[in-house]
Every structure is written in structure tokens, then in C-alpha cells.
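If you want the building blocks of each chain, they are given just below.
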Amino acid sequence: MRSVLITGCSSGIGLCLAQGLKAAGYRVFATARKLEDVNNLSRLGFEAYHLDLASSASIQLAVSEIFSQSDTLYGLIHNGAYGQVGALEDVSREALEAQFQANVFGWHELTNLILPSMKQNNRGRVIYLSSVLGFVAMPFRGPYNASKFAIEGLVDTLRLELINTRIQLSLIQPGPIESQFRANAYLAFKAHVDMNKSDYKENYQGMIQRLRSSKLAAYTLAPEAVLTCAIHALESPKAKIHYRVTFPTKLFALLKRMLPSRIMDKILSKAGGGGKR
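Structural notes, computed from the coordinates.

Conventions we followed
Residues numbered from 1 in each chain as written. Predicted model: local features only at pLDDT ≥ 70, side-chain atom pairs only at ≥ 80, totals over all residues. Heavy atoms only, no water. Helix = DSSP H or I, 4+ residues; strand = E, 2+ residues; numbered from the N terminus. Rg over C-alpha atoms; globule rule 2.2 N^0.38 Å. Buried < 20%, exposed > 50% of the residue type's maximum accessible area, 1.4 Å probe, protein only. Contact = heavy atoms within 4.5 Å. Pairing = 2+ DSSP bridges. Right-handed = clockwise from strand over helix to strand, strands pointing away. Salt bridge = Lys/Arg side-chain N within 4 Å of Asp/Glu carboxyl O. Phe/Tyr/Trp six-rings, centres within 6.5 Å; stacked < 30°, edge-to-face > 60°. Axes fitted to C-alpha atoms, helices over the stretch in contact; angles between N-to-C directions. Polar contact = N/O pair within 3.5 Å; in protein donor to acceptor, adjacent residues only side chain to side chain. Core = buried A, V, L, I, M, F, W, Y, C linked by side-chain atoms within 4.5 Å. Disulfide = S-S within 2.5 Å.

1. Quick notes on the overall build of the protein chain
Along the backbone of the protein chain there are 10 helices and seven strands. Relative to the 2.2 N^0.38 estimate, which gives 19 Å for 277 residues, the radius of gyration of the protein chain is 19 Å and therefore close to what a compact globule would have. Looking at the protein chain as a whole, 48% of its 277 residues are labelled buried. Pairs at least 24 apart in sequence give 72% of the contacts found in the protein chain among residues at least 6 apart.

As C-alpha cells, then:
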């Protein structure tokens, strides 16, 4: 039985991946940041572990515990992350560091702890949940944009460095997916941005309405769309390097190749709620 470690399994995409891969016959090590979510995963029948991607000690302990149960891992799926929103000039260094601790540095450390086992067996799949915002930027999403751009750069480099092995790396780039992402992004915004002191207060009002709305964004797909890509990335003899999920992701990938940068800027500014203050 192939074993897979998945981060961020409390809800949404992560939980869907854990349930879907378990049903497909994988041994799933499901992790979450909050202890109550770990307990809930255990009640659902998973081998569940606490793993906080912002904490090196937590990452190392989780990997040690998992390797005590399984000599090797076939798959690692990086999913756990959050979105810090707000204009870059309103986001402090500390908030940006927190975004990178969870979304980039933790992923990097976890990969490095798993790779030696994969290299020893000369096989494995590492899957990274990136985003449409990993290759195009939108206003008021700067920290999250930057974290996903960073992940894509790390993966592109690591893929070159592992080119002589049988370890395959894939980036899944979703657009809007049903999840708690918007709700969590709103909490991060409230924690780190003082909109009343910002030049972008009017822009934030529209952004907050979207983040708090129960109405799904246009072209939103269920998390099963990501599961389908993950299964292909794990099982195909030649996994894709990029899996683009949802119409907006595919559209922006096409437009970025076709249009001049200044025209793309106008499109992305409008789509992201930019414009006059």
C-alpha cells in the first residue's frame, strides 16, 4: 500500500484529498495545525498528526512520528496554507514573515525531510497546491501572491535538481475552489491590517464584502476537481508539471502568454478590485 502525507486536512481541499485518496487505497497520513482538527480527523478514521507549518519543531516531530509508522512515503502533498490579504503598503514585515513561514518555509523544510527517503528508494511524488496567483498577481493579495510565486520558483528549481531521479514534482494551480479560504483570509486581514488608516479603505470595503459573502465566486469548483488532478499526479507514469484547475486559471495562463504586460495589468487590476481610491 502506498503511503501519502497530506498537510492542511482540516477542511476543504485537504480533507477532500485525504478522504479521496484513502478511498482509492492509499495509506493517508493526514495532518492539521489545530489539535481539535487532528482529533476530528482521528474520529474520521485517519492516521492523524499535528503539524504546524509555521513551526520547525512541529514539522520535525510530525515527520519523526510518521516515519516511526512507515519506513517510506510514496507521496507528499503540500496543501496547508492561508491567504494574507491587504495592500502591500499596509502589510507589516511581521505579517509578511508569518505568511512565508506557513506557505513557503514550512513547505521547504518538510520537503527536505522527506526527500532522503524518496531518493533512497528512487521513487516518489511531491505535489504542491499552488494557485492561479502563483503565476499572475492581483492587487490586495500581495503576501499570498508572493508566497505562491516563491513556491513555483522553488519547485521549478528542485525539479531540475532531481532530473536524474524517478521523483516527480507537480504544481496544481487552482482558481476558486469551495473551501474556508476566504473566511480565513478575512481573519488574517482583520488581524494584520488597520483599514481605517489606509489609503485603500474604499477598496477594502468591496474586498471584505466578497470575503464574507456566502455566495460562491464565478466558476468555483468543488474540491474534487483538485482530487482528480492529485490522483493523476500520483499515478500517471509521467505526471504533469502543471495542473490548471478552473476556467479562470486556464484563461489567465492563456492571456499571460498572449497579451502585453501593461494590458494584463489593467485586466488583473480590475479583476482584483483595484482602480481609483
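After that view of the structure, there is still more to cover.
2. Comments concerning the pairing of strand β3 (residues 47–50)
Pairing between strand β2 (residues 27–32) and β3: four bridges, direction parallel. Of the residues in β3, the one forming a bridge with F29 is E47. For the segment spanning β2, helix α2 (residues 35–43) and β3, crossover handedness is right-handed.

3. Thoughts on the pattern of salt bridges
In this structure the tally under the stated criterion is four salt bridges. In this structure, E97 and R93 form a salt bridge, with 2.8 Å as the shortest nitrogen-oxygen distance. In this pair, E97 and R93 are both assigned in helix α4 (residues 93–121), four residues apart and thus about one turn of the helix distant. The exposure class assigned to E97 is partly exposed, which follows from its relative accessible area of 38%. R159 is the salt-bridge partner of D156, the closest N and O atoms lying 3.0 Å from each other.

4. Focus: the packing of aromatic side chains
Counting across every chain of the model gives eight aromatic pairs. Taken together, a centroid distance of 5.9 Å and an interplanar angle of 55 degrees make the contact between F100 and F105 tilted. Residue class for F105 comes out partly exposed when judged on its relative accessible area of 43%. A centroid spacing of 5.9 Å and a plane angle of 70 degrees characterise the contact between F140 and Y204, whose relative ring orientation is edge-to-face. In this pair, F140 is assigned in the loop between β5 (124–129) and α5 (142–161) and Y204 in helix α7 (residues 201–212), connecting sequence segments 64 residues apart. The class of Y204 is buried, set by a relative accessible area of 0%.

5. Brief notes about the sheet that holds β2
What the seven strands build is an open sheet, ordered β3-β2-β1-β4-β5-β6-β7; its pairing is parallel. Of all strands in the sheet, those with a lone pairing partner are β3 and β7 (242–245), marking the two edges. Put simply, the sheet's adjacent strands are angled 15 degrees from each other on average, direction ignored. Bridge count between strand β6 (residues 167–174) and β7: four bridges; the pairing is parallel. What sits directly across from Q173, in β7, is R244. Running at roughly 155 degrees to β6, α5 makes contact with β5, β6 and β7 of the sheet.

6. Description of the side chain of T7
Looking at the secondary structure, you find T7 in the loop between β1 (3–6) and α1 (12–23). A polar side-chain atom of T7 sits 2.9 Å from the main-chain amide nitrogen of G80. Ignoring any residue separated from it by four or fewer positions in sequence, one finds T7 in contact with T31, L53, I77, H78, N79, G80 and L110.

7. Considering unusual backbone geometry
Of note, the phi angle at Y219 is positive, near 70 degrees, even though the residue is not glycine. By secondary structure assignment, the location of Y219 is in the loop between α7 and α8 (224–235). With a phi close to 90 degrees, T246 is a non-glycine residue in the positive phi region. Turning to its location among the elements, T246 is positioned in the loop between β7 and α9 (247–258). Judged by relative accessible area, T246 falls into the buried class, the value being 4%.

8. What about the nonpolar core?
Of all hydrophobic cores here, the largest spans 32 residues; its most connected members are I6, L17, L21, I77 and I172. Dropping the residues within four chain positions of it, L17 is found in contact with I6, I77, L129, V226, L227 and A230.

9. Examining the environment of L255
Checked against the element boundaries, L255 lands in helix α9. In sequence terms L255 and N39 are 216 residues apart; their C-alpha atoms lie 44 Å from each other.

10. Looking at the state of the cysteines
Applying the stated criterion across every chain, the model contains zero disulfides. C9 carries a free sulfur, and the closest cysteine sulfur to it, the one in C16, is 11 Å from it. Cysteine C229 shares no disulfide, and the gap to the nearest cysteine sulfur, in C16, comes to 11 Å. For C229, a relative accessible area of 15% translates into the label buried.

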